[in-house]
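Secondary and tertiary structure notes
Listed below are the residues making up each chain.
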Amino acid sequence: MADKFTPEEQNIVSFSLMGPESGGPCLVDSNRGRITRIRPYFYDKEYTDEHCHPWTIEARGQTFVPPDRVTITPLGLGYKSRVYSPNRVKYPLKRVDWDPKGERNPQNRGKSKYVRISWDEAAQICADELRRMRDTYGPEAVLCESDMHGEGKRVAPSHGCPNRLLALMGGYTLQMRNMDSWEGWYWGAKHVWGMEPVGEMAPNANLYPDIAKHSDMLLFWGCDPETTPLGVVSHMPSRLCYWFTDLGIESVYICPDLNYGAAVHADKWIPILPNTDAALQLAIAYIWITEERYDKDYIATHAHGFDRFVDYVLGKEDGVPKTPKWASEKCGVKPWTIKALARHWADKTTSILHGNGGCYIRGPYATEPARLEVMLLGMQGLGRPGVHQGKMIEWNMWVRDFPVPYQGDFAPKVPQICDCLRAVDGDLPDDIDMRRYDLNDYQKEKAPELIELFQKLPAPKQFIPRCMVHRAIVEGEAEWYGLHCFSSSQQPDKNGNRKPTNIYQFDKIVYPRPGLSRVHMIWTDSPCNVTCWNNGNLFTEAYRDPSIETVIAQHPWLENDCYFADLILPVATKHEMSDLCNDLSSGVYQSVYMTGPCCPPVGESLTDFDVCVKVAEKLGPEYVRAYTGNGLTEADRVRFFYAASGCEDFMTWEEFRKRKIYVVPCKPNAQELPAGLFEFYTDPDNHPLSTPTGKLEYCSTDIEKYMPDDPERPPVPHWIEKSESHDERLSSERARKYPLLCMSNHGRWRMHAQCDDIIWNREVETMKIRAWDGYQYEPMWINPATAAERGIRHRDIVKIFNERGIVLCAAYVTERLIPGVVYVDHGARLDPIIPGWLDRGGCINSITPTSMTSKNSTGMAVSGFLVECQKVTQEEYAEWSTTYAEAWNRPLDHDAGVCLAGWLTDPAMDEDPTDGVRCLHDKAGVPLGSREPHVPDKFAKEA
Amino acid sequence: MSKVFVIDVARCSGCHNCQLSCKDEHCENDWRPYAAPQPPTGQFWCRVTDHPRGTIPKVKIHYIPVLCNHCADAPCLRAAENGAVYRRADGLVVIDPEKAAGQKQLAEACPYGAIFWNEELNLPQKCTGCAHLLDHGAKVPRCVEACPTDAMRFGEEAELADLLRDAVVLHREYGTSPRVYYRNIPGCFLGGLVYDPVEEEVIIGATVTLTLADGTRQITQTDAFGDFWFRDLPETTAAVTIEAEGFAPKTFFDLQTAGCPNLGDVPLERA
């Protein structure tokens, strides 16, 4: 008999926040329509070792075996708090002073509040506005902001559903995702070693077994294996790091901060000033060249243009030898430590590890350290056993074979509907296949019911890089080089290879294109530009630009760019819907699993797909038919997508429905594959790289051919002190006013902008600090010496500022950061006090540089920029809280911070209309329990 | 039958999964008669404490998850009236949420601060070892299940005997015989880097001698980075002498190991 201790229902849901890549499964128990708990999935629940063929890595007399369960992360464990967040959008909202038939008040976006409207009215307004745009300006007047990441939904993911509807209406302007986590690799390293799609080392089959057997030292260069994998992979990188230490492999961390990986795994931490790694790398090359500590034979057969590189390093080109002393002044690492590192590296078999983010790959001129890193690896015989560039995340991405041997005996392929990142027709040759989401022949045969759903929709005719959207809107035009498509969209051929795309980086592209409209309306399903992209304050300006007549956001939570929307459509979370997910990344086994709704949708929220169906209904029945593939329901999609996944060859639908998961048996011979670039190492002629010469290019053939005079990305990588794009060094004139370097990592307690409202994470001091006024501020790390110079104490409210604006944080005074630097994770939710200027939420990206990675590298630079920081004075505090009282005093949730009630004209309207769903918080965002509503002017003197 | 927790601090990455999963299980979930709901925030039946030590760049962090020790000689059990606290057959100490109403002295009785007072419910509350789950099929509490590195274990004392051999309890001096054991809590450390300021080179292989207040000595050599480390030291006063061939030796006195001193980059003069 069921009692309350036995869940009435148990579902499997993805805990990944990587968007359509789905990720690892967790078990979600529900009782009476409410989520009870979230737990790791245990593989032995349904499967035996005999089925799974568990993998084992053996090295140096020790073994590493997979755990019996998925190693769930805090972001997945805490998700109940996210589902029932007081920050949820529970019903359609309209900005109170936006009248689509009258005054639109664009200047009030980010300021004015919202009223509840019906779904019928909301859908009608959307449809009317879309039609009006098309008829008045042409379909390109609608910018679709929709790309990647987001919750781990697969079939109809959180990003891309609007694109399909807009395509059916005749087109739109696409917001093209720039290579946000790989800027330096993509725009720089690609010109050294090719490496489609993003410029990081591939293939990376069998890397970690090889490292375990052969490496002596691992350089975690800006890599935090205890942070970035949490939203993407699992804790498997953590287990691997402990094992490497057990094996006696030395872990050296090079980064400005003692990051969470360094805190527990580092044998040596070398603190370095943010984004000065290129100086350190050049000095290492200097030592290797002058002391002949590199693999000359390898260079002779595997490298192109090495002499030019040597000339630059030794100062023959510019008169400046790149000595350790020269480097030390720039990067803050002592000359003796630079020499010791260079020699130790040359003596020891060394691999470099990354985890996206870190201190240099997303900074100004990130192309240079990225290129230099590959060159240093080359000088020590890249591809030799134990000499690799590896990643602590994204083990499944872009390659056939995985660095950890959990890959399946076959590769399941769960299709997905949304092709939100695709090239404009004609921008790339036809033989470069940039359509990720077509059905292949096998899938068409197995699931013919899906063919109509996957009808070929016309491609958009123009795009704007995401990192230039604000400038394009404000200035009405833009031009840039490359980024025809998010490059990981390129489909590999049967052998897993992709066509080289380096030369397309040199194509100039303009917006608007001849004959096409500029943007007058925005529809966003990824509303985080203000907190995740470059110069968020300029995004604020763009959203408030008079040329933008309508902004529609669809999202589960009221946060960030949503505040600038005129209409907000409520979306259900992954826990409130059915889905078919594809776990390739969590690192124990691959699996395909069916997720069920764990609770009814919160409020009037609908799935991403059904939000668009609502709008389609107002456009006409032909739109509904076309959008839904002739009326396929969510349940139909899950059924037929399973048929298309390939798993049905191994397990019937009936059996799958019962078990809810198919664990793919491991490929038995995965560890026989050549590790990393071993084939290039042994035989470069027959296994060339995809560079023009097939070799490691120390002087880039393509850059020399197409842009030989680019001072910011010259053919041979340089140290760039300052140039026309960026002036963000401590040597700058600007540093007199802004003498600190600000670094920004991917967050420990967030996945970019996701999960800022998990109330239990917010109790951890590295996530939020509750200051004297009761507000939970984003922590700003600062070294005690730097803090003392400014009279800043732990937990003080501080302002970080430069010419672009002011961000409020609370000081986290710590020895974990190099002096002269402040550090704030990106992705905190905006709490605009003066929109476009003063933010209380700790959204550090609001003051990041506007300029690209460099003038011809269309990426963003969001870490390693100049700021000053000061303690907020009582006078300032009083002035802000009175002059901007309405914003300052918006109701907040005591535990979750900014919330729906803060943005409603009448907070009492936030009634929960659903049956059976009990929110963690009551109607007005007030926590259940005895506490007072958390109104700022009544803040108790909590410690 | 007697269950214990064993926590390996050397394997704790500080992910807070234990703290979080405890809240996921108990906040606003009603598991009476085992436990009344925990408030949404503010109580920590399992709390991860972080311990950053040292100065840049010789900084180390370890994390210690702390929870109710389910003491064999539990002060809360003695302070309870009316049988409000009881020990189960498996050794877990549980507060009865009905009988304990109003018994604020229970929260005060615990020297570890593991019992929280719930003002709204007028009730002392703490970790139950997820007894409600163990009695319904679960093998381990939520915190243990969620631990991604297996740093946290729960099981029969006899089965975990190997792990218990070198384990300690927190604050043994409280004399409550805790049933939560810890392994590898690191002692103090002391470190530095030795270099030649003239050549601007680290000195590899310098002999570094540590002398503790009780006269015991430890000797190490600087590594490829010129670094030396002494780990797992007791809290005491120490002296360090650095010697390298061709250089004048250097001695540091009155070093308090409790602060995990970092001697920084130490220049040696040519002899």
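All of these numbers come straight from a predicted model, not from anything done at the bench.

Rules of the game
Residues numbered from 1 in each chain as written. Chains lettered and ligands numbered in written order. Predicted model: local features only at pLDDT ≥ 70, side-chain atom pairs only at ≥ 80, totals over all residues. Helix = DSSP H or I, 4+ residues; strand = E, 2+ residues; numbered from the N terminus. Rg over C-alpha atoms; globule rule 2.2 N^0.38 Å. Contact = placed C-beta atoms within 7 Å. Buried ≥ 20, exposed ≤ 12 C-beta atoms within 10 Å, placed from the backbone. Domains from an automatic or database assignment. Nonpolar A, V, L, I, M, F, W, Y, C, P; charged D, E, K, R; others polar. Axes fitted to C-alpha atoms, helices over the stretch in contact; angles between N-to-C directions. Parallel < 35°, antiparallel > 145°, perpendicular 65-115°, else oblique. Left-handed = near helix turned anticlockwise from the far one by under 90°. Core = buried A, V, L, I, M, F, W, Y, C linked by C-beta atoms within 7 Å. Pairing = 2+ DSSP bridges. Expected span 1.5 Å × (residues − 1). pLDDT = per-residue confidence, 0-100. Arc of directions from axis to C-beta.

**Thoughts on the overall build of chain A**
- Along the backbone of chain A there are 28 helices and 39 strands.
- The C-alpha radius of gyration computed for chain A amounts to 27 Å, which stays within 12% of the reference 30 Å derived for 943 residues, consistent with globular compactness.
- Put simply, 77% of the contacts in chain A that link residues at least 6 apart link residues at least 24 apart.

**Observations concerning the overall build of chain B**
- Of the regular secondary structure elements, chain B holds six helices and 17 strands.
- For chain B, the C-alpha radius of gyration of 24 Å lies well beyond 18 Å, the compact-globule estimate for 271 residues.
- Along the three orthogonal principal directions, the C-alpha set of chain B runs to about 75 × 40 × 35 Å.
- Looking at the 271 residues of chain B, the share that counts as buried comes to 44%.
- Sequence-distant contacts in chain B: of pairs separated by 6 or more residues, those separated by 24 or more amount to 58%.

**Quick word on the domain arrangement of chain A**
Residue and element names in this part refer to chain A.
- Domain boundaries assigned for chain A yield domain 1 (9-83), domain 2 (93-177 + 417-477 + 512-664), domain 3 (200-407 + 673-693) and domain 4 (733-891).
- Averaged C-alpha coordinates put domain 2 and domain 3 at centres separated by 38 Å.
- When its residues are assigned to classes, the side of domain 2 that touches domain 3 shows three nonpolar, four polar and no charged.

**Some details on the interface of chain B and chain A**
- At the junction of the two partners, chain B supplies 40 residues and chain A supplies 48 residues.
- Secondary-structure elements contributing two or more residues to the side of chain B that touches chain A are helix H1 (17-26), strand E2 (46-55), strand E3 (58-67), helix H5 (142-146) and strand E11 (201-202) of chain B.
- Residue contributions to the side of chain B that touches chain A peak at six residues, all from H1(B).

**Regarding the packing of helix H13 (residues 324-331) of chain A against helix H14 (residues 335-347) of chain A**
Residues and elements named next belong to chain A.
- Packing of H13 against H14 brings their axes to within 8 Å, and their N-to-C directions diverge by 115°. On the basis of the axis angle, H13 is roughly perpendicular to H14. Two packed elements cross with a definite hand, and for H13 against H14 that hand is right-handed. Between H13 and H14, the residues in contact are Pro324, Lys325, Ala327 and Ser328 and Pro335, Ile338 and Lys339, respectively.
- Here the residues of the contact of H13 with H14 sort into four nonpolar, one polar and two charged.

**Observations concerning the nonpolar core**
- Ile284(A), Met780(A), Val822(A) and Val194(B) are the most contacted members of the largest nonpolar core, which totals 372 residues.
- No other element matches the 10 residues that helix H10 (residues 277-290) of chain A contributes to this core.
- Contact partners of Ile284(A), with chain neighbours within four places excluded, come to Ile338(A), Leu341(A), Ala342(A), Trp345(A) and Leu376(A).

**With respect to the sheet that holds strand E16 (residues 250-256) of chain B**
Residues and elements named next belong to chain B.
- Here we have four strands laid out as an open sheet, ordered E13-E12-E15-E16, and antiparallel in their pairing. A strand with exactly one partner marks an edge of an open sheet, and here the two such strands are strand E13 (217-221) and E16. Direction aside, neighbouring strands of the sheet carry axes that sit 20° apart on average.
- Inspection of the sheet shows strand E15 (residues 237-243) paired to E16 by five bridges, in the antiparallel sense. Paired with Thr241 across the strands is Thr251, a residue of E16.

**With respect to the pairing of strand E21 (residues 567-570) of chain A**
All names here are of chain A.
- On E21, burial covers both faces: Leu567 and Leu569 on one face and Ile568 and Pro570 on the other are all buried.
- By the bridge criterion, two bridges tie strand E6 (residues 93-95) to E21 in an arrangement that is antiparallel. Counterpart to Leu93 in the pairing with E21 is Ile568.

**Brief notes about helix H22 (residues 634-645) of chain A**
Residues and elements named next belong to chain A.
- Across its 12 residues, H22 extends 16 Å between first and last C-alpha, which sits within 8% of the 16 Å expected from 1.5 Å per residue.
- Residues of H22 that are buried include every one of Arg637, Val638, Phe640, Phe641, Tyr642, Ala644 and Ser645, and no others.
- Of the surrounding elements, those touching the buried residues of H22 are helix H16 (441-446), strand E22 (579-583), strand E23 (590-595) and helix H23 (653-659).
- Taken from the residues just after H22, Gly646 is the one with a positive phi, measuring 95°.

**Examining the domain arrangement of chain B**
Residue and element names in this part refer to chain B.
- Assigned domains of chain B: these are domain 1 (3-183) and domain 2 (188-267).
- With five residues of domain 1 at the contact, the number on the domain 2 side is four residues.
- Looking at the side of domain 1 that touches domain 2, the elements with two or more residues in it are E2 and E3.
- Among the elements that line the side of domain 1 that touches domain 2, the one with the most residues is E2, at three residues.
- Taken together, the residues of the side of domain 1 that touches domain 2 break down into no nonpolar, two polar and three charged.

**Some points on the sheet that holds strand E14 (residues 350-354) of chain A**
Residue and element names in this part refer to chain A.
- Here we have five strands laid out as an open sheet, ordered E12-E11-E10-E14-E15, and parallel in their pairing. Since the sheet does not close on itself, it has two edges, and those belong to strand E12 (268-270) and strand E15 (389-391), each with one partner. For this sheet, the mean angle separating the axes of adjacent strands, direction not counted, is 25°.
- Two strands pair when backbone bridges link them, and strand E11 (residues 250-254) and E12 are joined in this way by three bridges, in the parallel orientation. Looking at E12, one finds that Val252 is bridged to Lys268.

**As for unusual backbone geometry**
Residues and elements named next belong to chain A.
- That bond from Glu196 to Pro197 is cis: its omega, 0°, falls within 30 degrees of zero.
- In this fold, Pro197 is placed in the loop between helix H6 (183-193) and helix H7 (207-214).
- In this structure, Pro512 follows Tyr511 across a cis peptide bond, with omega equal to -10°.
- Unlike most non-glycine residues, Asn206 shows phi in positive territory, near 65°.
- As for its position among the elements, Asn206 is in the loop between H6 and H7.
- Note on Asn206: 24 C-beta atoms within 10 Å, which makes it buried.
- Although it is not a glycine, Tyr365 adopts a positive phi angle of roughly 55°.

**Considering the packing of H10(A) against H13(A)**
All names here are of chain A.
- Across the interface, H10 lies against H13 with an axial gap of 8 Å and an inter-helix angle of 170°. Considering their axes alone, H10 and H13 lie roughly antiparallel with respect to each other. Between H10 and H13 the crossing geometry is left-handed. Contact with H10, carried on its side by Ala279, Leu280, Leu282, Ala283 and Ile287, involves Pro324, Trp326, Ala327, Lys330 and Cys331 of H13 and no other residues of that element.
- Taken together, the residues of the contact of H10 with H13 break down into nine nonpolar, no polar and one charged.

**Here's the deal with the environment of Ile800(A)**
Residue and element names in this part refer to chain A.
- Tracing the sequence through the fold places Ile800 in strand E30 (residues 797-802).
- Taking C-alpha positions, Ile800 is 10.0 Å from Leu866, a pair spaced 66 residues apart along the chain.
- In contact with Ile800, not counting residues within four places along its chain, are Cys742, Met780, Val807, Cys809, Val822, Val824, Val867 and Cys869.

**Points about the pairing of E23(A)**
All names here are of chain A.
- Among the six residues in E23, six count as buried, and that is most of the element.
- Judged from the five bridges that link them, E22 and E23 form a sheet pairing that is antiparallel. Residue pairing across strands places Asp583 opposite Ser591, the latter belonging to E23.
- Counting the residues between successive antiparallel strands, the hairpin from E22 to E23 contains six residues, one of them, Gly587, with a positive phi of roughly 90°.
- Inspection of the sheet shows E23 paired to strand E24 (residues 661-664) by four bridges, in the antiparallel sense. Residue pairing across strands places Ser591 opposite Val663, the latter belonging to E24.

**A closer look at the confidence of the model for chain B**
- On average, residues of chain B carry a pLDDT of 97, and 100% of them reach 70 or more.
- Under the prediction, the complex receives an ipTM of 0.98, its pTM being 0.96.

**Considerations on the environment of Glu868(A)**
All names here are of chain A.
- Along the chain, the position of Glu868 falls in strand E37 (residues 865-871).
- When the C-alpha positions of Glu868 and Leu77 are compared, they lie 37 Å apart, and in sequence the two are 791 residues distant.
- Contacts of Glu868, omitting those with residues within four sequence positions, involve Lys737, Tyr738, Pro739, Leu740 and Phe801.

**Some points on H13(A)**
All names here are of chain A.
- Taken residue by residue, H13 has Pro324, Ala327, Lys330 and Cys331 as its buried positions. Down the axis, H13 shows its buried residues gathered within 125° of arc, on one side only.
- Residues of H13 that are buried make contact with H10 and H14.
- Phi turns positive, to about 80°, at Gly332, one or two residues after H13.

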